[in-house]
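Report on the structure
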Amino acid sequence: MGAVVTGGGSGIGRALARRLAAGGARVVVNDIDPGAAKAVADEIGGLAAPADVATRDGVAGLVAAARAYLGEVDLYCSNAGIAAAGDVNDEGPAAAEADWQRSWDVNVMAHVRAAEQLLPGWLARGDGRLVITASAAGLLTMLGTAPYSVTKHGAVSYAEWLAATYGHRGLKVHCLCPQGVRTNMLSDAGRAGDVVLRESAIEPEAVAEAVWSGIADGRFLILPHPEVAGYYALRAGDTDKWLRGMNRLQQRIDTEQG
Ligand SMILES: NC(=O)c1ccc[n+]([C@@H]2O[C@H](COP(=O)([O-])OP(=O)(O)OC[C@H]3O[C@@H](n4cnc5c(N)ncnc54)[C@H](O)[C@@H]3O)[C@@H](O)[C@H]2O)c1
């Protein structure tokens, strides 16, 4: 199997790249940080393909490099993501326009641009697999960062749309939605990250293992924190109760901050 992992230089992406290689895949490791991509690629005997997947050219160059190395891309893990801090607070909108735009490009458009490159070939051969790393924030919400919550909902929605549209033509889509995972992103998540995520946080290796078994089981939603399924059901079944609970958490964050 030939696989690509974006954002594979650290955290969940690195664990995914290692797990896929251990399972026998040939892996192309992408990251915007060339040194990080190279370190992981060297470790697992893969190819480093640094690129910024937030741009159309970056994704096109990555897929071309991957095809040259692998022959065909069987599995593409669109995993790179960023968490811009920012909400609307007493001082006004705290997330800059640039943070919204960058979040949109990395957390949503990178998946769209990957599909643009890969789908024609996959549909022609009737086979292809895409793993989109969204987040539990894409099923629920993440306090403290509106750009992250909104764009991760976009990622889930795009993954659903792809599966609904192309499932009968051989496209397999998985949507990975973890809560807290002990990576650099969580370390940088501030007070909301502490209150909401840290207690139940898991290691990136556990997330990679969940992806491996989610692929084997052919499951669309991959939930390394099983409790997320219950929160998601509550959000759908009693949205007001769910929102009151989230707001109580926000009040806890405010109190601990104040
Ligand atoms: N850590 C968590 O708690 C958590 C929870 C849910 C979802 N996620 C998601 O998991 C994914 C991986 O995050 P992580 O926790 O491993 O964080 P991380 O910061 O450790 O890793 C992200 C990697 O992506 C790379 N990257 C960022 N922008 C890029 C771009 N434009 N092009 C190529 N590479 C880029 C970074 O250099 C970094 O190596 C993200 O999509 C994130 O939103 C993380």
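Here the structure is a predicted model, which means the values were calculated and not measured.

What follows covers the site of the ligand. Surrounding the ligand, one finds 29 residues, the nearest of these being Ile12, Asp31, Asp52, Tyr148 and Thr183. The separation between an oxygen atom of the ligand and a polar side-chain atom of Lys152 is 2.9 Å. Within the complex, the protein chains bury 91% of what would otherwise be the 820 Å² of accessible surface of the ligand. When residues of the shell around the ligand are traced back to their parent elements, those giving at least two are α1 (11-22), α4 (97-125), α5 (146-166) and α6 (184-187).

Where strand β1 (residues 2-5) lies against strand β2 (residues 26-29), four bridges are found, and the strand directions are parallel. The residue bridging Gly2 from the neighbouring strand is Arg26, located in β2. Note that the unit made of β1, α1 and β2 has a crossover that is right-handed. Two strands pair when backbone bridges link them, and β2 and strand β3 (residues 47-48) are joined in this way by two bridges, in the parallel orientation. Looking at β3, one finds that Val29 is bridged to Ala48. Where the polypeptide runs from β2 across helix α2 (residues 34-44) and back to β3, its parallel neighbour, the crossover connection is right-handed.

Look at α1 against α2: their axes get within 10 Å of each other, and the N-to-C directions meet at 20°. Between α1 and α2, the angle falls in the class roughly parallel. For the crossing formed where α1 meets α2, the hand is right-handed. In contact with Arg14, Ala17, Arg18 and Ala21 of α1, α2 contributes Val40, Glu43 and Ile44. Across the contact of α1 with α2, the residue classes tally to four nonpolar, no polar and three charged.

Moving on: the sheet that holds β2. Judged by pairing direction, the sheet is parallel, and its seven strands sit side by side in the order β3-β2-β1-β4-β7-β8-β9 without closing on themselves. The open sheet has two free edges, formed respectively by β3 and β9 (221-222), since each of these has just one partner strand. Sitting on the sheet, helix α3 (residues 56-70) is in contact with β1, β2, β3 and β4 (75-78), with an inclination near 155° to β2.

Analysis parameters
- Residues numbered from 1 in each chain as written.
- Predicted model: local features only at pLDDT ≥ 70, side-chain atom pairs only at ≥ 80, totals over all residues.
- Heavy atoms only, no water.
- Near = heavy atom within 4 Å.
- Polar contact = N/O pair within 3.5 Å; in protein donor to acceptor, adjacent residues only side chain to side chain.
- Areas by Shrake-Rupley, 256 points an atom, 1.4 Å probe, with all protein chains shown as cover.
- Helix = DSSP H or I, 4+ residues; strand = E, 2+ residues; numbered from the N terminus.
- Pairing = 2+ DSSP bridges.
- Right-handed = clockwise from strand over helix to strand, strands pointing away.
- Axes fitted to C-alpha atoms, helices over the stretch in contact; angles between N-to-C directions.
- Parallel < 35°, antiparallel > 145°, perpendicular 65-115°, else oblique.
- Left-handed = near helix turned anticlockwise from the far one by under 90°.
- Contact = heavy atoms within 4.5 Å.
- Nonpolar A, V, L, I, M, F, W, Y, C, P; charged D, E, K, R; others polar.

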